[in-house]
Protein chains: 2
Amino acid sequence: MKPEHLPTFTVEPWVVREPRLDLDAMGQTESVFALSNGHIGLRGNLDEGEPHVLPGTYLNSFYEVRPLPYAEGGYGFPESGQSIINVTNGKLIRLLVDDEPFDLRYGTLGRHERVLDMRSGTLQRDVEWESPAGRAVKVRSTRMVSLTQRAIAAICYEVEVVHAGDDDNGDGALLVLQSELVANEQLPGRNPDDPRLETALDNVLEPEQSRAGDSGATLVHRTRQSGLRCAAAMEHEVFGPDGFEVSTDANEDLARTTIIARVKPGETLKVIKYLAYGWSSRRSLPAVYDQVRAAIAAARYTGWDGLVAQQQEYLDDFWATADVEIDGDAELQQAVRLATFHVLQAGARAERRCIPAKGLTADGYDGHTFWDTETFCLQVLSFLAPDAAADALAWRKSILPNAFARAETLGLKGAAFPWRTIRGDECSGYWPAGTAAFHINADIADAVKRHVAATGDTDFELEVGLELLVATARLWRSLGNHDSAGNFRIDGVTGPDEYSAIADNNVYTNLMAQQNLRYAAEVAAKHPRAAGRLGVDSEEVASWRDAATAMLIPYDERLRVHPQSEGFTDHQRWDFEHTPAENYPLLLNYPYFELYRTQVVKQADLVLAMQIRPDAFTDDQMRRNFAYYEGITVRDSSLSACTQSVMAARTGHLDLAYQYLAEAALVDMHDLAGNTDHGMHIASMAGTWAAVTLGFGGMRCELDGLSFAPGLPSSLSRIAFGLKWQGRRIRVSITPDEVEYQLLDGAPMRFRHHGEPIALDDEQPVTVAIPPQEWVEPVEQPYGRAPRSRG
Amino acid sequence: MKPEHLPTFTVEPWVVREPRLDLDAMGQTESVFALSNGHIGLRGNLDEGEPHVLPGTYLNSFYEVRPLPYAEGGYGFPESGQSIINVTNGKLIRLLVDDEPFDLRYGTLGRHERVLDMRSGTLQRDVEWESPAGRAVKVRSTRMVSLTQRAIAAICYEVEVVHAGDDDNGDGALLVLQSELVANEQLPGRNPDDPRLETALDNVLEPEQSRAGDSGATLVHRTRQSGLRCAAAMEHEVFGPDGFEVSTDANEDLARTTIIARVKPGETLKVIKYLAYGWSSRRSLPAVYDQVRAAIAAARYTGWDGLVAQQQEYLDDFWATADVEIDGDAELQQAVRLATFHVLQAGARAERRCIPAKGLTADGYDGHTFWDTETFCLQVLSFLAPDAAADALAWRKSILPNAFARAETLGLKGAAFPWRTIRGDECSGYWPAGTAAFHINADIADAVKRHVAATGDTDFELEVGLELLVATARLWRSLGNHDSAGNFRIDGVTGPDEYSAIADNNVYTNLMAQQNLRYAAEVAAKHPRAAGRLGVDSEEVASWRDAATAMLIPYDERLRVHPQSEGFTDHQRWDFEHTPAENYPLLLNYPYFELYRTQVVKQADLVLAMQIRPDAFTDDQMRRNFAYYEGITVRDSSLSACTQSVMAARTGHLDLAYQYLAEAALVDMHDLAGNTDHGMHIASMAGTWAAVTLGFGGMRCELDGLSFAPGLPSSLSRIAFGLKWQGRRIRVSITPDEVEYQLLDGAPMRFRHHGEPIALDDEQPVTVAIPPQEWVEPVEQPYGRAPRSRG
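Residues numbered from 1 in each chain as written. Chains lettered and ligands numbered in written order. Predicted model: local features only at pLDDT ≥ 70, side-chain atom pairs only at ≥ 80, totals over all residues. Heavy atoms only, no water.

A. Geometry of the interface of chain B and chain A. Listed by partner, the interface residues are 46 residues for chain B and 46 residues for chain A. Between chain B and chain A, the buried area comes to about 3,800 Å², and carbon and sulfur atoms account for 55% of it. The three residues of chain B that bury the most area against chain A are B:E72, B:Y75 and B:F593, which together make up 19% of that side's buried surface. In this assembly, chain B and chain A are joined by two salt bridges. (Contact = heavy atoms within 4.5 Å. Buried area = accessible area lost by both parts, 1.4 Å probe. Salt bridge = Lys/Arg side-chain N within 4 Å of Asp/Glu carboxyl O.)

B. The pairing of strand β31 (residues 756-760) of chain B, seen in detail. Residues and elements named next belong to chain B. The sheet contact formed by strand β30 (residues 749-753) and β31 spans five bridges and is antiparallel. Each residue of the ladder has a partner; that of H753, found in β31, is E756. With antiparallel pairing between neighbouring strands as the criterion, β30 and β31 make up a hairpin whose turn holds two residues, including H754 at a positive phi of roughly 45°. (Pairing = 2+ DSSP bridges. Helix = DSSP H or I, 4+ residues; strand = E, 2+ residues; numbered from the N terminus.)

C. Structural detail: the relation of the copies chain B and chain A. The two copies are related by a screw motion: chain B maps onto chain A through a turn of 180° and a shift of 0.1 Å along the axis, at an RMSD of 0.1 Å. When the rotation and shift are considered jointly, the pair of chain copies conforms to a two-fold rotation axis. Among all C-alpha atoms of chain B, that of B:Y70 lies closest to the rotation axis, at 2.5 Å. The share of interface residues of chain B whose copies in chain A are also at the interface is 100%, consistent with both copies meeting through the same surface. (Least-squares fit on C-alpha atoms with pLDDT ≥ 70 in both.)

D. Geometry of the sheet that holds β30(B). Residues and elements named next belong to chain B. Overall, mixed pairing links the four strands, which are arranged β25-β26-β30-β31 in an open sheet. Each having just a single partner strand, β25 (700-702) and β31 make up the two edges of the open sheet. The average undirected angle you get between the axes of adjacent strands in this sheet is 30°. Bridging between β25 and strand β26 (residues 705-708) involves three bridges; their strand directions are antiparallel. Its bridge partner being in β26, C701 is matched across the sheet by L706. (Axes fitted to C-alpha atoms, helices over the stretch in contact; angles between N-to-C directions.)

E. Highlighting the nonpolar core. Ranked by size, the top nonpolar core spans 445 residues in total, and within it A:F438, A:W544, B:F438, B:W544 and B:L595 carry the most contacts. Once you skip the residues sitting within four places of it in the chain, B:L595 turns out to touch B:Y499, B:W574, B:L586, B:L587, B:Y590 and B:V600. (Core = buried A, V, L, I, M, F, W, Y, C linked by side-chain atoms within 4.5 Å. Buried < 20%, exposed > 50% of the residue type's maximum accessible area, 1.4 Å probe, protein only.)

F. Inspection of helix α11 (residues 538-549) of chain B at higher detail. Residues and elements named next belong to chain B. For α11, with 12 residues, the first-to-last C-alpha span of 16 Å sits near the 16 Å given by 1.5 Å per residue. Of the positions making up α11, those classed as buried are E540, V541, W544, A547 and A548. Axial view of α11: buried residues confined to an arc of 120°, hence all on one face. Facing away from the buried side of α11 by over 90 degrees, the exposed positions are S538, E539 and T549. Buried residues along α11 sit against α8 (458-479), β21 (481-482), β22 (488-489) and α9 (507-526). Two or three places before E539, at the start of α11, stands the capping residue D537, its side-chain oxygen 3.2 Å from that residue's backbone nitrogen. (Expected span 1.5 Å × (residues − 1). Arc of directions from axis to C-beta. Polar contact = N/O pair within 3.5 Å; in protein donor to acceptor, adjacent residues only side chain to side chain.)

G. Layout of the packing of aromatic side chains. As enumerated under the stated definition, the model contains 52 aromatic pairs over all chains in all. Measuring from ring centre to ring centre gives 4.9 Å for A:F593 and B:F438, while their planes differ by 50°; the resulting arrangement is tilted. Of this pair, A:F593 sits in helix α12 (residues 592-596) while B:F438 sits in the loop between α6 (400-409) and α7 (439-455), which puts the two residues in different chains. For B:F438, a relative accessible area of 3% corresponds to the buried category. The residue whose ring lies beneath A:R211 is A:Y289, and the NZ or CZ to ring-centre distance is 4.7 Å. The ring of B:F239 carries the charged tip of B:K270 above its face, separated from the ring centre by 5.7 Å. (Phe/Tyr/Trp six-rings, centres within 6.5 Å; stacked < 30°, edge-to-face > 60°. Lys NZ or Arg CZ within 6 Å of the ring centre and 35° of its normal.)

H. Seen up close, the side chain of B:D329. All names here are of chain B. Among the secondary structure elements, D329 is positioned in the loop between β20 (325-327) and α3 (330-347). Note on D329: relative accessible area 9%, which makes it buried. Among the polar contacts listed, one links the side chain of D329 to the side chain of Y658, at a separation of 2.5 Å. Among the polar contacts made by the side chain of D329, one reaches the side chain of R790 at a distance of 2.6 Å. Apart from residues no more than four positions distant in its own chain, D329 is found in contact with Y658, L716 and R790.

I. Quick peek at the sheet that holds strand β7 (residues 93-97) of chain A. All names here are of chain A. As summarised here, the arrangement of the five strands in space is β8-β7-β13-β18-β17, forming an open sheet in which the pairing is antiparallel. Lying at the two open borders of the sheet, with one neighbouring strand each, are β8 (100-101) and β17 (245-251). Pairing geometry for β7 and strand β13 (residues 173-182), over five bridges, is antiparallel. Bridged to R94 within β13 is Q178.

J. Representation of unusual backbone geometry within the structure. Geometrically, the link from A:Y584 to A:P585 is a cis peptide bond, its omega value of -5° lying close to zero. As for its placement among the helices and strands, A:P585 is situated in the loop between β23 (572-573) and α12. Note the cis peptide between B:E50 and B:P51, where omega equals -10°. For B:P51, the location among the structural elements is in the loop between β3 (40-42) and β4 (57-59). Of note in the backbone geometry, B:I502 takes a positive phi value of approximately 55° without being a glycine. Along the chain, B:I502 turns up in the loop between β22 and α9. In this structure B:I502 comes out as buried when scored by relative accessible area, which is 9%.

This is how it looks when you write it as structure tokens:
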């Protein structure tokens, strides 16, 4: 773990407040304060643009291609990658006070407070500033990316003159606001040595059209290589003392609305800036242009207050189900809400586009989408925003042609989904941790199964699920083979743990493939005509079932644990005792070959298999496996703590589960990975919710029903969470000795509590006791890698 | 195998003759006709420079650096590579006949013959050409790279006027010869998709000095990045009809001596061109300049005839030992001599520089040196040119600082020699088949052991061997580990077969490491003071012996064969039956992941282990293993056929051994790999000699003595070969039923013949019978991959 920054935020239940400007943490706050609706993402940059760490305005799936170079190439290595790009920046509002630019690095900064309000979905900033020449102003800006009007962002920018200078003759100060659209912003250089970072692409937008009106403008650009067209439009409403002037000019890469007003002390100049974004790979310039003009007209029609009200309503509805309450740890309470909020922001309006690993909060990982979407985000969204989850899987279906082509290139059948991508093509430049990570295909199938279980949506199962399941089952059938003893083997693949690679019979992969094959067989049998149209016949379904039944799951009889992959437990244990703290993450300080051949786990792999496939393990195996892998897992990936939390809770280590929950939830607020400036860890945010529900809630959502097995760590007095389940809304409130289950709305239901059947027939809560915990032997983490103790 | 080109060469015992110009095979002939002494390499380009496939003039270890790019980098990935470069071309002699350039693409070509004479070490070219305007000339050029004067090459260029044109008024034709030094020649573009090829580097030489004299000139250049300085000088002697004029001019990248003569029909203009090359990374410009001027002065002093005589004498001495006689296959006879000749050329005067995989015949593999040197070339040179072998190992010792640094980067002790390099730094850009191929370190130790056994050179053992052995033993000790059962494991490495990678307990690697550790312990014990200076104590030596004794050698009890690596025999067999011929080599048509996880072998791996470590296998295991691996080995590497030949012979498959010998020997004359234009396959050339001596000769040279177990394939009536052994010269002549052993010179000796002790007390040949061959069950190769049947 990197030494954490001093906390920048105050602890409050529903807001994240930065009480004073912290320039050293600016990269982090730009990410934490990023606003997004899954379509548009605005980093939390200052209105005036500078100082900044990374200016960022993103549109989901708007990317440029770049060549992927290799010192030594190989067959099937992807030749070009896709990188999300910083599009036209519409956040910019520069202010001049009597010809002095409002810049926090000059003059005297009084108050500087920023507040992200998770209930209103706005970022508010309050500044008191005195210019070098002694003019004092208060600036308040409120920014939103609309969750209800997908193409729209808006800013309310207010400047009050407090003191117009000692030489003020009563006229007040002359304020000049320059509200801009800026394309091809220069981006700061990046560290080329860290493989986790993104590639800088400069000047990628080719200007196509710029038009200025009186109080707004539109810029249209096109990417040079990928040929995508993007339009950005702005319009302004100005409220201020009489006599202000508004004018707009635009050239290729810059549009600027200038508002000039003389403002006396006590008076306020207020500007509402509406922003609209749109892009298309196919539509004509006039069509894209008109699209953003229409969006901005609708936004103006709704008005600022209307947009604010819609946002509040949307979020009220969301939180009514989604809110997780944590009693006994106020900081964690805040962090869990922030986590949930960012998962919503990443997925809410992605609408058949991808959900990137960093959401739209920065360009880390080049803006790519990985298995994070299905395995982490969708386990939240299927229960809190099922439409968004269905859309994400529909996106997967939409890239099936790319996945079919990739499989063909690789000599395989079915679909080979890309390890990392924006629009469907494999963008991984290191195949042992890219192409070889075939588990992503089973992760997608698992997300389909989970989504069907959570929603009961049989239309989705047929229309989206079936083809994904068939395509992935075919992949597994061709990727694996029956050996002479009849076992079905999957050799030479990489599981979730990226500190091992290209191993035989990775237990996670094989169990997930087994589930994939079985579920595909089941769904194909349920929809024989639709399956038939995909060329599925009963022989093929039988071969899936055979493979699933014969799936080889290695087991180490000597140690009585499951090896992560065949032979894994024969390897030497990493020398944790002689690994200094500053050498983590190990991948930046040790070669892959050393990591691969040693027992050291970057992130939950076998432990994740136990989370998703508990049916494949006995309770004793789960306890022994958890203890074994706990001793060699270093959590160099932010995808790990949440899973370790779930399995710690399920194996009776509730206090440890609490530490891991806190680590997952606080990864960005405490910048635990040291790279929050490159974007929010959306999967860890999502894993926070999983840790609460699947871990402390002991929730399992299978096709045959829902079950809970709650337990509470000793430091917390209550955890409550809610979810949607098959058209219902349910709330679960866990206290040390008992649990209250409540059906908030929807039809009567049955579920299991610690194995016992429970019925919720109406909205009357049902309270049941939690059985006493058995004592379990404590587990140990590698030297120096225990989660930070809490409480 | 690529479809072979039509044979371009006539079959003759001691020369390789191209009877007429074959433009389609020009890339191949440029390589086959390349002349080198291990320091200078001149491709067999035409004197006049064009047409060409690849112009090439190389100096051993004269390289430029280039960045190694990665789509996704990783810790320890080399950041820059070294690429051999085409230096100043001094081969160029352009001819104008009455203002018409002598260019084979114009006018009328009569005779065009090129002859590489392996006894004289010269390339002679005879041309009869009539210009478009009807002037007829005969051109004879004879080119040599001196084996005795290391810095020198020379050309004798003669033009006879046959017919001076119908308009000749008796004055004859005006001949203009332009003899040049050209730096920064433009090189043809290359196919960027084939990872086996080199990188084009253009315009890399920065001019430092150019000076012209009357009949010669000198150019000094320096590489831009690597900062190496190279000087090239030429001088001319002209013999011709009275009145010729000689002048020279030089600018930065070009020096030109112009010789003008009026030559009547029947008269000849003859020019001797002396070329000298030198380079240094440290010496000053004047020093390097003077060095080549001194060399050229010495060459002129020796004179053309003197150089020719020295060359002949050198080669007479060489062939007296080295000649391999093959009775019954004239083409193979020729090919074996060419192979031996090219191995000599690659290593003769390398003198503490590397011996690249392609020698100095082209820039394939960027001019890099691999394990080919120790495992293939030195098994010839230690017996035929022991000083060259000692120098090559002294070069390895000289790059120990780089290997120590690399080991440290990798977190290992001792030395990690580069998988591919020119001057010692790792230049491999794909670590699974680079860094992970640690076996190169044991291959170096094996070459030390073999060299000591072959020469009895205990000074070498102490001065060069000891430090190499200690450094490599330390590597193995830190790379492997004792597991809980006490076995010493070496996990996650890549053996010789590059169609598998990053596997545990590769048998080849473990056996070679075992030998490395044991031999290091033995030599350290023998030289305790010198070892002590290297920090070796008895505890460390004991730890090497322990590791060697406990070395894990996996064995598949079910199949009763050794798996190439642990788990290998559990993998699916490659689907050879459905692999079309045009999909070989597989690495160009299938992804690594598919190759790695399947039973398909690019090149001898376990089979090579049996060649080098026969003591580790029973005869029955060798037969069974050979048959098993024969069935899955596709020979997509030219390093394979020779080893398969050796082990086929040793397991009783003498006729199969003969097919493989022919494939190894003919790889370049028949362009079997389709890439001879990128350079000669020096390791396969060297393997040819190994196939003869280790295979048909059944030779084993151990520290405790020499032994033979000869056998002859049915198609051949006799194979004879010679070698140097501990200061003696020996000749072995094998006929179907008996063998004649003769001590050509040196002290009396003992050795074993098929296990029986034999004494050679004087130069009197001793003839002994060959025991009858047992019948062995035939073996099969993968579908379509049998060697071409011969005879």
